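Overview (structure and organization)
The lines below spell out each chain.
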Amino acid sequence: MNAALIDAGPLIALFDPTSVAHRHYAQLLPQGWMLTTTWPCVVEASHFLKPAANQRLLSWVAAGAVAVFPFDVSQLPDIADLMARYTEWPRTEMDFADATLVWLASEAGVTQVMTMDVRDFSRYRLADGRAFEIL
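Summary of the structure given here.

What counts, and where the lines are drawn
Residues numbered from 1 in each chain as written. Predicted model: local features only at pLDDT ≥ 70, side-chain atom pairs only at ≥ 80, totals over all residues. Heavy atoms only, no water. Helix = DSSP H or I, 4+ residues; strand = E, 2+ residues; numbered from the N terminus. Rg over C-alpha atoms; globule rule 2.2 N^0.38 Å. Buried < 20%, exposed > 50% of the residue type's maximum accessible area, 1.4 Å probe, protein only. Lys, Arg positive; Asp, Glu negative; His and termini not counted. Charge placed at Lys NZ, Arg CZ, Asp CG, Glu CD. Axes fitted to C-alpha atoms, helices over the stretch in contact; angles between N-to-C directions. Left-handed = near helix turned anticlockwise from the far one by under 90°. Contact = heavy atoms within 4.5 Å. Nonpolar A, V, L, I, M, F, W, Y, C, P; charged D, E, K, R; others polar. Pairing = 2+ DSSP bridges. Parallel < 35°, antiparallel > 145°, perpendicular 65-115°, else oblique.

Before going further, it helps to examine the overall build of the protein. When helices and strands are counted, the protein shows 7 helices and 5 strands. Of the regular secondary structure in the protein, the N- to C-terminal order runs β-α-α-β-α-α-β-α-α-β-α-β. What you see for the protein is a C-alpha radius of gyration of 14 Å, in line with the 14 Å of a compact globule of 135 residues. Counting only C-alpha atoms, the protein reaches 35 × 35 × 30 Å along its principal axes. Looking at the 135 residues of the protein, the share that counts as buried comes to 44%. Once the 9 positive and 15 negative side-chain charges of the protein are each reduced to a mean point, those two points are 8 Å apart.

Spelled out as structure tokens, the structure:
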């Protein structure tokens with residue numbers, strides 16, 4: 001079984017059949033992925049989904065289809081450091097959800113990520129310098 005992180009964009013795409021990426025991510029899921037995300041990614045996806053789709057997303061998470069990795073306040077300085085490192089105002093800004101996934105990738109050693117943020121995740125690196133493999 002392959003392990004991958006999943007960002008808010010693919011979570012939205014999975015539960016919004018009108019998304020241009022819906023088919024891509026719907027076809028990836030049956031390939032036996034062990035998915036992990038963070039609460040900020042779930043919250044971001046929830047914010048953009050319509051109520052019925054949001055309920056399906058939350059039920060899917062509750063059923064264990066994706067693990068939600070916990071972090072606590074002690075990790076916030078590391079996450080804030082990532083946001084500072086990858087923010088180049090006014091061109092780019094690393095958001096909190098992305099920062100939590102990059103932090104998680106370094107903690108778990110996972111380099112595969114389901115994301116629609118190709119430009120951003122192409123420049124992000126794990127703490128050991130490895131690049132992400134974008135799915």
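Axes are the key here: two packed helices are described by the angle between their axes and the distance separating the axes. Interhelical geometry of helix α3 (residues 39–48) versus helix α6 (residues 96–108) gives an angle of 145 degrees and a closest axis separation of 8 Å. Relative to α6, the crossing made by α3 is left-handed. For the pair α3 and α6, contact is made by P40, C41 and E44 and by F96, A97, T100 and L101, respectively. In terms of residue class, the contact of α3 with α6 is built from 5 nonpolar, 1 polar and 1 charged.

Across the sheet, which stays open at both edges, the 5 strands sit in the order β3-β2-β1-β4-β5 with parallel pairing between neighbours. The sheet terminates laterally at β3 (66–68) and β5 (133–134), the two strands that pair on one side only. When strand β1 (residues 2–6) meets strand β2 (residues 33–37), the two strands line up parallel, connected through 4 bridges. Considered in β2, the bridge of L5 is made with T36. Across the sheet, helix α1 (residues 8–15) lies against β1, β2 and β4 (112–114), angled at about 95 degrees from β1, the strand it touches most.

We now examine the packing of helix α5 (residues 76–85) against α6. Interhelical geometry of α5 versus α6 gives an angle of 115 degrees and a closest axis separation of 9 Å. Taken as axis vectors, α5 and α6 run roughly perpendicular relative to one another. Taken as a pair, α5 and α6 cross one another with a handedness that is right-handed. For the pair α5 and α6, the contacting residues are L76, D78, I79, L82 and M83 in the first and F96, A99, T100, V102 and W103 in the second. The residue makeup of the contact of α5 with α6, split by class, is 8 nonpolar, 1 polar and 1 charged.

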